[in-house]
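# Structure at a glance
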Amino acid sequence: MGLPLMMERSSNNNNNVVELSRVAVSDTHGEDSPYFAGWKAYDENPYDESHNPSGVIQMGLAENQVSFDLLESYLEKKNPEGSMWGSKGAPGFRENALFQDYHGLKTFRQAMASFMEQIRGGKARFDPDRIVLTAGATAANELLTFILADPNDALLVPTPYYPGFDRDLRWRTGVRIVPIHCDSSNHFQITPEALESAYQTARDANIRVRGVLITNPSNPLGATVQKKVLENLLDFCVRKNIHLVADEIYSGSVFHASEFTSVAEIVEIIDDVTVKERVHIVYSLSKDLGLPGFRVGTIYSYNDNVVRTARRMSSFTLVSSQTQHMLAAMLSDEEFTEKYIRINRERLRRRYETIVEGLKKAGIECLKGNAGLFCWMNLGFLLDKKTKEGELELWDVILKELKLNISPGTSCHCSEFGWFRVCFANMSEKTLEIALTRIHEFMDRRKRF
Amino acid sequence: MFLLASPTTSHSIPTKTLIQDLSLSFSLSPHYSSLRPKSLDFKKKMKQLSTKVTSNGHGQDSSYFLGWEEYEKNPYDEIKNPNGMIQMGLAENQLCFDLIESWLAKNPDAASLKRNGQSIFRELALFQDYHGMPEFKKAMAEFMEEIRGNRVTFDPKKIVLAAGSTSANETLMFCLAEPGDAFLLPTPYYPGFDRDLKWRTGAEIVPIHCSSSNGFQITESALQQAYQQAQKLDLKVKGVLVTNPSNPLGTALTRRELNLLVDFITSKNIHLISDEIYSGTMFGFEQFISVMDVLKDKKLENTDVSKRVHVVYSLSKDLGLPGFRVGAIYSNDEMIVSAATKMSSFGLVSSQTQYLLSALLSDKKFTSQYLEENQKRLKSRQKRLVSGLESAGITCLRSNAGLFCWVDMRHLLDTNTFEAELDLWKKIVYNVKLNISPGSSCHCTEPGWFRVCFANMSEDTLDLALKRLKTFVESTDCGRMISRSSHERLKSLRKKTVSNWVFRVSWSDRVPDER
C-alpha cells in the first residue's frame, strides 16, 4: 500500500452535493485489504464444532482465549455476590459513574504500572503518573502519532507489520508510513542498513521523518526484538533526532520471560534526558489478558510534554470508569497476576509447539518464534509465481478449499512472498487439531501430484 | 493563516496563582499560535513534537478549565472543608442516582457480567465489533425515541457509538470538515467545542452572534452574517452545529429557530449537526422539539436534506454517567455512518458498559419512571437556584432545560467590558469561593453573563452557595443599592424577568394548540 490518496478538492461542484472530508472518502482505513476480506468469509460460514464442522476456521484473529478460566475464577472468588460496586450494588456506584478525569483512576494506573513491571520481571520501573489511558492500543497509537508528527511527516515501520497500522497511524492523522524492509535472510531482524535506507527514501521524497515505530514482540512475526537491535534503534533515533515508539502489546505473551527485552530496560539505565524523552511505549490488555472488548490501552512516555498532551487528547478516548474500577482490583493483586502471567505464558508456549510441530509433520516450516498468539508460516515453496498475485491465489485456495482464514504476508507489507500469519490462541485445542488435519490432508493431496 | 471573527482581548491581570497570562482570546489555529514568543529552550524541546502540542488547541488555558483547577485545590466539603470552593462550573446531573442504584440492586446480573445467572464474561471480553452491541443500539434508539415522545423513530443501524459525545462530535467533524473548512456555531457555546471540533481536525469555528436583546435566539441575519464572515476569512462553510437544548443557555431551541436552521442549510447546501445531549433534561412545560421532529413536520424525511442532518447524543447528562463514556452519532447518510463506524475504532464503548446499559435502557418501566422523575427534580432545583438568585437581586435567562442557568450579572460589572467580567469572576472564585463559568469562556459577545450549574451538588450546598453570593452582592455598591431601595429594585427586576419571558414567548411558536 503506497502513500495515502491525495484527492483534489473539486472546485467544480457539478452535482451540487456538499462534499465530505477527504478523510471520510479515502480508503486509508485499509478495510479493502484481504486481511479483512478473510474475516468476511469467516462471518458468512463460521466453523462450529457441532453445528458447522466444515465451516471456516478463523486463524486470522489474534485473540488470546487460552486463559479466561483464570480470570473468571478470580472474579468469581473476589465477587461472589456478583455486584460490581460493593454489596447490594449501591455504594461507590455514583462516584464511579461520575469519574471522567482524564488522569484516570489512580488505583487503576498504579495497577497497570505494577502489572507492566511484573511482566518485565522487575527489570524496569513504571511511574503511574506517566501512564496515560486510552480506549485500546488502536487509540494509543493514533494519539501518539498525532502528537509526534504532523500531516505528511513519516514514521518508519519495519515490515512485515500489523495491517491495522495503515489505518491507526495514517488515516486521520495524515502521517505517512515508510517501510523498513526486513527479510528472512536474518530472521526479519531490523538492520542498520535497512534503517538508513528507509530514512534516505523518505528524505529523497522530501518527507520529514519523525520517528520509528516497532512492535516488540513483533506482530506478525511472533518473535521478540533482540536487545542489540533495540540498542541500535535507539542510537539511530538519537543520531537522527527522532522518536522511538515501542508497541509492547504482546510483552506478556512471551513464552520465556528471559527472552524479552523491553525498551524500558534500556532506557532505565540511561541518564541523558534528551535520549529518554524520545522513547514512548504503548501497551494494552487486549492480548495478554484477552480483553479486547473492554478497551484498555495505555501510552507510557518518558517525555513530560507528551504525557501532558496525551492526557488531554485522551478526552477523545477515555477508558470506561466502570472497566477501570473492575480491573484495578484484579491487576493490583500481585499474587494473582504473578500466577496469571506464568500460566498464560506456559499455555501459549504449548499451543505454539503444537502448531509448529503439526506444520512440520506436514512439511511446512515456520519462522522461529518465541512470543505472541500466532506463528509466521513459510509457504513460499508452494507458490507458482513468487509474486503478490501468486501469494493471494494460494491464500484464496486455503480459504476456499481448506476453509482456513489465515493472513497473507502482503497484507502485512512483507517484501517476500509466501509468508502467512496463523493464529493459534483464539480457538480450542480440538479446533486447532482439526485445522492441522485439514492442512495435512491438503499437503498430502499436493504430494500425490 | 486564519483569524477568527472577534478581536483578541488580552488583559493585564495582577499575579495570582495560575491565571498569570489568562488570555480570553478565541482559540487560535495551530498556525497562528506558533508565532507567539517562547523561551529558547522550550522552543527547542517543542520543535520535536507536532504543532498540535504547541498550539493551545486543547483549550485548557481557558478560564473554564482554570476555574476547575482552582476548585481542585480547595474543594468544598460539608464536614471537612466547609469554607472550600463550591463547584458550580461542572454540568453534571447528580439528582437521580438513587433510581439507577435501586435498579442495579434489583438487577445484579447486568453489572456482574451475567445473563440469567450465567457468566458471559468471555463473550463480553472478546466483543470489540465496531458496529456495537445490537441490543445496546436498539435500546439507545428506543430511549432517544422515548425522550422525543415517540413522535420520531431512530433506526439502530444508523447509530454509531463513540466514547462520549466529545468523541462523537470530533468524529463527525473528521467526516465533514478539514483544514480550510468551518462550522458555524451560535454563541454562547460550550467551551469544549474549541477543542472537540478544531484541535485535531484542523477545522475552524465561526460564531453566529446571538444577543440578550431577544433571549439569545438565532436569527436569520445572524446566520447570514456568520456565513459571510467565514467567506471573508476564506473558509469554506461545511455546516452549522447547534446544541439543543443549549449549553450554556439552558433553553431549548424554538420551532421557529429550528425551521430557520433547516431552511438555511437547505439553501446553502450544507450540514446541520444537532447536539441533543441535554434532550432528556427538558423540564419546562414545553415539549422538547428535536431537529428530527422538524424534518418530519416539514416532510423532509428521506430527502437529500435529511442526509445532511445529524444528531449527537450521550448518556453523560440525562443519566449522569459521564464516566462510562457513552456517546452516539445518528445520521441518515450511509457514507457518514460507514466512515464514522470505522473511526469509532479509536473510541469504542467498553463492552462491559454496553451490556450494563442495554439492560438498563431496555427496561421500559425504568426509563419512563426515570425520565419523569429526572424532569421533576431538575425543575425543582432550577427553581431553587432562580429564586435564590432573585433574592440577591440577580436574574437569569428564563430556562426550560439543562443542568445550569444563564445568569445575568451585568449590573454587577464596574464597566461593560470583558475586563470587568474577569474581575468579577475572580472575586466570585477567590472571595466568594464559587466556581462559575464566565460568559467570555463560552464566547458570549456581551460581558456580564455567567453559567451557574445546579444539579451537581446537594440542596444544602446549593443553599450555601446562594447565601454566599447574596452576602457578596450586598457588600458591593450595587448590593447596598439593593438594600436601600430593595422594593424599587425588585420591582424593576420582576419587570426584567417578565420581559425576558415575554421575549421568548413572542419569538416562540409554541402555543398550546400547536404540536
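No experiment lies behind these values; they were computed from the predicted model shown.

## What about the overall build of chain B?
- If you tally the helices and strands in chain B, you get 21 helices and 15 strands.
- Within chain B, contacts between residues at least 6 apart in sequence are counted, and of these 76% link residues at least 24 apart.
- For chain B, the exposed area adds up to about 19800 Å²; of that, 53% sits on carbon and sulfur atoms.

## Here's the deal with the overall build of chain A
- Secondary structure assignment for chain A yields 16 helices and 13 strands.
- Since a compact globule built from 449 residues should have a radius of gyration of about 22 Å, the 22 Å found for chain A is in line with a globular shape.
- C-alpha atoms of chain A, sized along the principal axes, occupy 70 × 60 × 55 Å.
- Looking at chain A as a whole, 62% of its 449 residues qualify as buried.
- Across chain A, every contact between residues at least 6 apart in sequence was considered, and the portion connecting residues at least 24 apart equals 75%.
- Counting every atom, chain A has about 17400 Å² of accessible surface; 50% of that belongs to carbon and sulfur.
- On chain A, the mean spot of the 53 positive side-chain charges and the mean spot of the 59 negative ones are 1 Å from each other.

## Quick word on the UniProt feature "domain: Aminotransferase class I/classII large" (unreviewed entry) in chain B
- Per the UniProt record, "domain: Aminotransferase class I/classII large" (unreviewed entry) is annotated on residues 86–469 of chain B.
- Secondary structure content for residues 86–469 of chain B is 43% helix and 16% strand, and the end C-alpha separation is 11 Å.

## Overview of the packing of helix 16 (residues 351–362) of chain B against helix 17 (residues 364–390) of chain B
All names here are of chain B.
- Taken N-terminus to C-terminus, the directions of helix 16 and helix 17 make an angle of 80 degrees; their axes are 5 Å apart at the nearest point. One element, helix 16, and the other, helix 17, form an angle in the roughly perpendicular class. Contacts from L360, L361 and S362 of helix 16 reach helix 17 at K364, F366 and T367.
- By residue class, the composition of the contact of helix 16 with helix 17 is three nonpolar, two polar and one charged.

## Here we look at the environment of B:L378
Residues and elements named next belong to chain B.
- Examined against the element boundaries, L378 turns out to sit in helix 17.
- Distance from L378 to R195, taken between C-alpha atoms, is 29 Å for residues 183 residues apart in sequence.
- With residues up to four places along the chain from it excluded, the contact list for L378 reads N93, L95, T281, F283, G402, L403, F454 and A455.

## Notes on the sheet that holds strand 15 (residues 449–453) of chain B
Residue and element names in this part refer to chain B.
- Strands sit in the order 11-12-15-14 across an open sheet of four strands; the sheet is antiparallel. Of all the strands in the sheet, just strand 11 (395–396) and strand 14 (437–438) have a single pairing partner and so form its edges.
- Strands strand 11, strand 12 (404–408) and strand 15 of the sheet are contacted by helix 17, whose axis makes an angle of about 15 degrees with strand 12.
- In the packing of helix 18 (residues 418–430) onto the sheet, contacts are made with strand 14 and strand 15, and the angle to strand 15 comes to roughly 30 degrees.

## Looking at helix 3 (residues 68–78) of chain A
- Inspection of helix 3 of chain A places A:F68, A:L70, A:L71, A:Y74 and A:L75 among the buried residues, and these make up the whole buried set. Buried residues in helix 3 of chain A, looked at end-on, bunch into an arc of 165 degrees, giving them a common side.
- Where the residues of helix 3 of chain A are buried, they touch helix 13 (321–332) and helix 14 (334–361) of chain A together with helix 7 (121–126) of chain B.

## Remarks on the pairing of strand 8 (residues 297–301) of chain A
All names here are of chain A.
- Where burial is concerned, most of strand 8 is hidden: five out of the five residues are buried.
- Alternating residues of strand 8 divide into G297, I299 and S301 and T298 and Y300, and every residue in both groups is buried.
- Sheet topology places strand 2 (residues 131–134) next to strand 8; four bridges connect them, and they run antiparallel. Note that in strand 8 the partner of L133 across the bridge is T298.
- In this structure, strand 7 (residues 279–284) lies alongside strand 8, joined through five bridges in antiparallel fashion. Looking at the pairing, H280 lines up with S301 of strand 8.

## Brief notes about empty space enclosed by the protein
- As enumerated under the stated definition, the model contains 13 cavities of 30 Å³ or more in all.
- The calculated volume of the largest cavity comes to roughly 200 Å³.
- Lining the largest cavity are 20 residues; nearest its centre among them are A:P158, A:T215, A:S218, A:L221 and A:V225.
- Among the secondary structure elements, those contributing two or more residues to the lining of the largest cavity are strand 3 (154–158) and strand 5 (209–215) of chain A.
- Top element by residues in the lining of the largest cavity is strand 5 of chain A. It accounts for three residues.
- Within this model, the second largest cavity holds a volume of roughly 170 Å³.
- Residue lining of the second largest cavity: 21 residues in total, with B:P186, B:P188, B:T243, B:S246 and B:L249 positioned closest to the centre.
- Those elements that provide at least two residues to the lining of the second largest cavity are strand 5 (181–186) and strand 7 (236–243) of chain B.

## Focus on the interface of chain B and chain A
- With 76 residues of chain B at the interface, the matching set in chain A holds 78 residues.
- Regarding the contact of chain B and chain A, the summed buried area is about 6900 Å², with carbon and sulfur atoms giving 57% of it.
- Counting every contact that joins chain B to chain A gives four salt bridges.
- A:E72 is the partner of B:R122 in a salt bridge, and the nearest nitrogen-oxygen pair spans 3.4 Å.
- At the surface where chain B touches chain A, the tally comes to 20 residue pairs in polar contact (both at pLDDT 80 or more).

## Considering the nonpolar core
- Core analysis: the largest hydrophobic core is formed by 207 residues, its most contacted members being A:F108, A:V212, A:L285, A:F294, B:L184, B:V240 and B:L315.
- Aside from chain neighbours lying at most four places away, what touches B:V240 is B:F183, B:L184, B:I208, B:L261, B:F264, B:I265, B:I270, B:H271, B:L272 and B:I273.
- By size, the runner-up hydrophobic cluster in this structure holds 101 residues, among which are A:Y47, A:I147, A:F255 and B:I205.

## Points about the confidence of the model for chain B
Residue and element names in this part refer to chain B.
- Per-chain confidence: chain B averages 86 in pLDDT, with 83% of residues scoring 70 or above.
- Predicted confidence for residues 483–487 stays below pLDDT 50, and this span has one contact to residues more than four positions away or in other chains.
- Predicted confidence for residues 499–515 stays below pLDDT 50, and this span has 29 contacts to residues more than four positions away or in other chains.
- For this predicted complex, the interface confidence comes out at an ipTM of 0.92, alongside a pTM of 0.89.

## Topic: the pattern of salt bridges
- Applying the stated criterion to the full structure yields 46 salt bridges over all chains.
- Residues joined by salt bridges that share partners form a network here, namely B:D98, B:E372, B:E373, B:K376 and B:R377.

## Considering the pairing of strand 6 (residues 204–208) of chain B
Residues and elements named next belong to chain B.
- Of all five residues making up strand 6, five are buried, and the element is well covered by its neighbours.
- The alternating pattern of strand 6 places E204, V206 and I208 on one face and I205 and P207 on the opposite face, and all of these are buried.
- Sheet analysis places strand 5 next to strand 6, joined by five bridges and oriented parallel. Note that in strand 6 the partner of F183 across the bridge is I205.

## What about the side chain of A:T159?
All names here are of chain A.
- Position of T159 among the secondary structure elements: in the loop between strand 3 and helix 7 (165–170).
- Judged by relative accessible area, T159 falls into the buried class, the value being 2%.
- A polar contact is formed between the side chain of T159 and the backbone nitrogen of C182, at a distance of 3.5 Å.
- Those residues in contact with T159 that lie beyond four places of it in its chain are P179, I180, H181, C182, H413 and S415.

## Quick look at the packing of aromatic side chains
- The tally for this structure, following the rule as stated, stands at 28 aromatic pairs over all chains.
- On the basis of an interplanar angle of 45 degrees and a centroid distance of 6.1 Å, the ring pair of A:F336 and A:Y340 is categorised as tilted. Linking A:F336 with A:Y340, this pair stays in helix 14, spanning four residues, or about one helical turn.
- The exposure class assigned to A:Y340 is buried, which follows from its relative accessible area of 2%.
- Among the aromatic side chains, those forming a connected cluster through ring pairs are A:F68, A:F294 and B:F121.
- We note A:K240 situated over the ring of A:Y199; from NZ or CZ to the ring centre the distance is 4.5 Å.
- Here the guanidinium or amino end of B:K268 rests over the ring plane of B:Y227, the centre of that ring lying 4.4 Å away.

The rules we used
Residues numbered from 1 in each chain as written. Chains lettered and ligands numbered in written order. Predicted model: local features only at pLDDT ≥ 70, side-chain atom pairs only at ≥ 80, totals over all residues. Heavy atoms only, no water. Helix = DSSP H or I, 4+ residues; strand = E, 2+ residues; numbered from the N terminus. Contact = heavy atoms within 4.5 Å. Areas by Shrake-Rupley, 256 points an atom, 1.4 Å probe, with all protein chains shown as cover. Rg over C-alpha atoms; globule rule 2.2 N^0.38 Å. Buried < 20%, exposed > 50% of the residue type's maximum accessible area, 1.4 Å probe, protein only. Lys, Arg positive; Asp, Glu negative; His and termini not counted. Charge placed at Lys NZ, Arg CZ, Asp CG, Glu CD. UniProt positions renumbered as here; feature names shortened; annotations may be inferred. Axes fitted to C-alpha atoms, helices over the stretch in contact; angles between N-to-C directions. Parallel < 35°, antiparallel > 145°, perpendicular 65-115°, else oblique. Nonpolar A, V, L, I, M, F, W, Y, C, P; charged D, E, K, R; others polar. Pairing = 2+ DSSP bridges. Arc of directions from axis to C-beta. 1 Å grid on protein atoms, 1.4 Å probe; cavity = no way out; pocket = protein on both sides within 12 Å on 5 of 7 lines; lining within 4 Å. Points joined across faces, edges and corners; volume = space filled by probe spheres on them. Buried area = accessible area lost by both parts, 1.4 Å probe. Salt bridge = Lys/Arg side-chain N within 4 Å of Asp/Glu carboxyl O. Polar contact = N/O pair within 3.5 Å; in protein donor to acceptor, adjacent residues only side chain to side chain. Core = buried A, V, L, I, M, F, W, Y, C linked by side-chain atoms within 4.5 Å. pLDDT = per-residue confidence, 0-100. Phe/Tyr/Trp six-rings, centres within 6.5 Å; stacked < 30°, edge-to-face > 60°. Lys NZ or Arg CZ within 6 Å of the ring centre and 35° of its normal.

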